[in-house]
Amino acid sequence: MIITVEGLHKSFGKLEVLKGIDCEVSVGEVLCVIGPSGSGKSTFLRCLNFLESFTEGQVTIGGHNLTGPKTNLNAVRRDVGMVFQGFNVFPHMKVIDNIMLAPMKVGKVSRTEARTRGMALLEKVGLTNKADVYPSTLSGGQMQRVAIARALAMEPTVMLFDEPTSALDPETVGDVLDVMKTLAEEGMTMVVVTHEMGFAREVADRVLFMDAGVIVEEGTPAQIFESPQHVRTQTFLSKLL
Amino acid sequence: MTLYFGDILPYLPVMLEALWVSIYVTLISFAAGGVLGIFIYLAKASRFRSLKLISNGYIEVIRNTPLLVQLYLIYFGLGSIGINFNPLWSVLIGMTLNNSAYTAEIFRAGISAVPKGLREAGTALGMPFHQTFRYVILKPGIRNVLPALTNQFIVLFLFSSIGSVIALGELTSTLQNLNSQTLRTLEIFSVGALLYFLTSAAIAVASRITERLAFRW
Ligand SMILES: Nc1ncnc2c1ncn2[C@@H]1O[C@H](COP(=O)(O)OP(=O)(O)OP(=O)(O)O)[C@@H](O)[C@H]1O
Ligand SMILES: [Mg+2]
């Protein structure tokens, strides 16, 4: 198991957002997390790389317990790529510099090496011709692909995606999903919070339905989408159609 | 009465010299106050309650008392207990302290206006906070503060006129002297106002150009 989550609880002040999450992800698995707005999906994902601290429970990634006394969080985060709904590309850096920054500063990779790798990643996400422009000239879909390339530049073993296509124009969603599909096919371990049921159905190995801070139901895409067992899952899915 | 500028023309070099005093007093206190302001901002943004408290208190006291009174305190107040500064030093100290409080607030506002997501992206990449700050937050932060800093520079420049109350020899006090020599009150002060205005305008234009060149993203 590359990710193990046990009894995860998280509160913001008095509001308990995660009420005991248990979950495991194995190497190469693609796990899609679905659920209504406010159910705690983003919070759950953000706990996995400790962008959000948690109140109770254990998260272990690649053998490192996030709250262990000797854990170097920055070192763990280098192996866990994250892609945000709002892209968060660095506006003051050219596309290629966005991608080269972390490898050079934390990975201690030389500039030439970082650039070579960066260009290869841009090719992978189909943006070779955008290497030397500033992000402000890109479409949302292009920015998100830059963000994916930037995360991949650290050669992570796990990728976390938080609704990577929710802020995109419909016509650019496909390009981003294609990149994610390719990643999945290459065997990347992925946890994807998404509203794209088509993607979840096609790419996920397992789907996890969250509501009100708990995992209500999980199973293969076929199980969740064709024959959901729980009423809350049924209601949620029927609203989407 | 008729306006006549001919009388004051010979005094123009004196005025320009005085203008230069205003400018360099501003430059020095802006730079020194800016550096001090960074430390006050860092204290305010730190985790330590006592540092926060002190820096907040400092900012509030400075921002809620008149610069003129601050200057009197330094020049006359400290003078009365035997700590004597000449007019130049008094003005430099007063304007530096005053500027530091305002710039600390400008830095705070500018840095906190950098989208939280950028910091999170830096953190998620495994960069420790000091790297995230230096490579991710700083430049957008500077871009955010540049207009406010320019404004503050101009305000400070205009504030340098309070030097006249302790006869610093900057532009306003020189205008007062020339006025009593020539009695061309309207002419003297309108030319003086024009000099202040043109300098401020030049600063504003220079700042816009810097912004264009330095922040091309
Ligand atoms: N930083 C925060 N401070 C306080 N409350 C928060 C914070 N972040 C999230 N919450 C609350 O926690 C709950 C869960 O939020 P979360 O963003 O995890 O939901 P979500 O399932 O990702 O929703 P969505 O589909 O809208 O993105 C919400 O009620 C939200 O208001
Ligand atoms: Mg969310």
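Residues numbered from 1 in each chain as written. Chains lettered and ligands numbered in written order. Predicted model: local features only at pLDDT ≥ 70, side-chain atom pairs only at ≥ 80, totals over all residues. Heavy atoms only, no water.

- An unreviewed UniProt entry lists chain B under the name Amino acid ABC transporter permease, from Cryobacterium frigoriphilum.
- As its UniProt record puts it under Sequence similarities (unreviewed entry), chain B is described as follows: "Belongs to the binding-protein-dependent transport system permease family." (UniProt positions renumbered as here; feature names shortened; annotations may be inferred.)

**Concerning the UniProt feature "transmembrane region" (unreviewed entry) in chain B**
Residue and element names in this part refer to chain B.
- Residues annotated in UniProt with the feature "transmembrane region" (unreviewed entry) correspond here to residues 20–43, 148–168 and 188–207.
- Along residues 20–43 one finds 100% helix and 0% strand; the C-alpha atoms at either end are 34 Å apart.
- Along residues 148–168 one finds 57% helix and 0% strand; the C-alpha atoms at either end are 27 Å apart. (Helix = DSSP H or I, 4+ residues; strand = E, 2+ residues; numbered from the N terminus.)

**Quick word on the pairing of strand β9 (residues 206–211) of chain A**
All names here are of chain A.
- Of all 6 residues in β9, 6 are buried, a share of seventy percent or more.
- Pairing of strand β3 (residues 30–34) with β9, which is carried by 4 bridges, proceeds in the parallel orientation. Note that in β9 the partner of V33 across the bridge is L208.
- Both β9 and strand β10 (residues 214–219) contribute to a ladder of 5 bridges, which runs antiparallel. Residue pairing for β10: D211 is matched across the bridge by V214.
- Hairpin remark: β9 followed by β10, antiparallel, with 2 residues in the connecting loop; positive phi at A212, about 50 degrees. (Buried < 20%, exposed > 50% of the residue type's maximum accessible area, 1.4 Å probe, protein only. Pairing = 2+ DSSP bridges.)

**Quick look at the side chain of B:N99**
- The residue B:N99 is located in helix α4 (residues 87–112) in this model.
- Residue B:N99 is classed as buried on the basis of its relative accessible area, which comes to 0%.

**Things to note about unusual backbone geometry**
Residue and element names in this part refer to chain A.
- One non-glycine residue, F87, adopts positive backbone phi at about 65 degrees.
- Considering the arrangement of structural elements, one finds F87 in the loop between β6 (80–83) and α3 (95–105).
- Residue F87 is classed as buried on the basis of its relative accessible area of 12%.
- One non-glycine residue, A212, adopts positive backbone phi at about 50 degrees.
- Turning to its location among the elements, A212 is positioned in the loop between β9 and β10.

**A word on the environment of A:A153**
All names here are of chain A.
- Looking at where A153 falls in the secondary structure, it is placed in the loop between α5 (140–152) and β7 (158–162).
- In the structure, A153 is positioned 36 residues away from R117 in sequence and 7.2 Å away in space, judged by C-alpha atoms.
- Not counting chain neighbours up to four residues away, the residues in contact with A153 comprise I99, P103, R117 and L121. (Contact = heavy atoms within 4.5 Å.)

**Quick word on the site of ligand 1**
All names here are of chain A.
- Ligand 1 sits among 13 residues. The nearest are S37, G38, K41, S42 and T43.
- Within the backbone of G38, an N or O atom sits 2.8 Å from an oxygen atom of ligand 1.
- One of the side-chain nitrogen or oxygen atoms of T43 is found 2.5 Å away from an oxygen atom of ligand 1.
- At the level of elements, β2 (15–25) and α1 (41–48) are the ones that each hand at least two residues to the shell around ligand 1.
- Ranked by the residues each element gives to the shell around ligand 1, the list is headed by α1, at 3 residues. (Near = heavy atom within 4 Å. Polar contact = N/O pair within 3.5 Å; in protein donor to acceptor, adjacent residues only side chain to side chain.)

**Some remarks on the sheet that holds strand β1 (residues 3–12) of chain A**
Residues and elements named next belong to chain A.
- A sheet is described by the order of its strands in space; here 4 strands give the open sequence β2-β1-β4-β5, paired in antiparallel fashion. Looking at strand neighbours, the two that pair on one side only are β2 and β5 (64–65), the edges of this open sheet.
- Bridge analysis of β1 against β2 gives 8 bridges, and the strand direction is antiparallel. Bridge pairing links V5 to C23 in β2.
- Contacts from α1 reach β1, β2 and β4 (56–61), with the element oriented near 120 degrees to β1. (Axes fitted to C-alpha atoms, helices over the stretch in contact; angles between N-to-C directions.)

**Notes on the packing of helix α1 (residues 12–45) of chain B against helix α6 (residues 129–159) of chain B**
All names here are of chain B.
- Packing of α1 against α6 brings their axes to within 9 Å, and their N-to-C directions diverge by 135 degrees. What the angle tells us is that α1 and α6 run oblique. For the pair α1 and α6, the sense of crossing is right-handed. When α1 is examined against α6, the residues L19, S22, I23, T26, L27, S29 and F30 are found in contact with a partner set consisting of L149, Q152, F153, L156 and F157.
- A per-class count over the contact of α1 with α6 returns 8 nonpolar, 4 polar and no charged. (Parallel < 35°, antiparallel > 145°, perpendicular 65-115°, else oblique. Left-handed = near helix turned anticlockwise from the far one by under 90°. Nonpolar A, V, L, I, M, F, W, Y, C, P; charged D, E, K, R; others polar.)

**Remarks on the UniProt feature "domain: ABC transmembrane type-1" (unreviewed entry) in chain B**
- The feature "domain: ABC transmembrane type-1" (unreviewed entry), as annotated in UniProt, sits at residues 19–207 of chain B in this numbering.
- With 83% helix and 0% strand, residues 19–207 of chain B has end C-alpha atoms that lie 20 Å from one another.

**Focus on the pattern of salt bridges**
- In the structure shown here, the tally under the stated rule is 18 salt bridges over all chains.
- Here A:R206 and A:E29 are joined by a salt bridge, their closest N and O atoms 2.7 Å apart. Placement of A:R206 in strand β9 and of A:E29 in the loop between β2 and β3 is noted, with a sequence separation of 177 residues between them. Comparing A:R206 with A:E29 shows no difference in burial state: the two are buried.
- With its nearest N and O atoms 3.2 Å apart, the salt bridge here joins B:R184 to B:E187.
- What emerges from the salt-bridge pattern is a single network uniting A:R46, A:E52, B:K116 and B:E120. (Salt bridge = Lys/Arg side-chain N within 4 Å of Asp/Glu carboxyl O.)

**Focus: the packing of aromatic side chains**
- Going through the model one piece at a time under the given rule, you end up with 9 aromatic pairs over all chains.
- Taken together, a centroid distance of 5.3 Å and an interplanar angle of 75 degrees make the contact between B:F215 and B:W217 edge-to-face. Taken as a pair, B:F215 and B:W217 share a single burial class, namely buried.
- A cation sits over an aromatic face here: A:R150 above A:F90, 4.3 Å from the ring centre. (Phe/Tyr/Trp six-rings, centres within 6.5 Å; stacked < 30°, edge-to-face > 60°. Lys NZ or Arg CZ within 6 Å of the ring centre and 35° of its normal.)

**Thoughts on the state of the cysteines**
Residue and element names in this part refer to chain A.
- The final tally for this structure, using the stated rule, is 0 disulfides over all chains.
- Here C32 stays free of any disulfide, with the sulfur of C23 as its closest cysteine sulfur at 12 Å.
- With no disulfide partner, C47 has as its closest neighbouring cysteine sulfur the one in C23, 12 Å distant.
- The class of C47 is buried, set by a relative accessible area of 0%. (Disulfide = S-S within 2.5 Å.)

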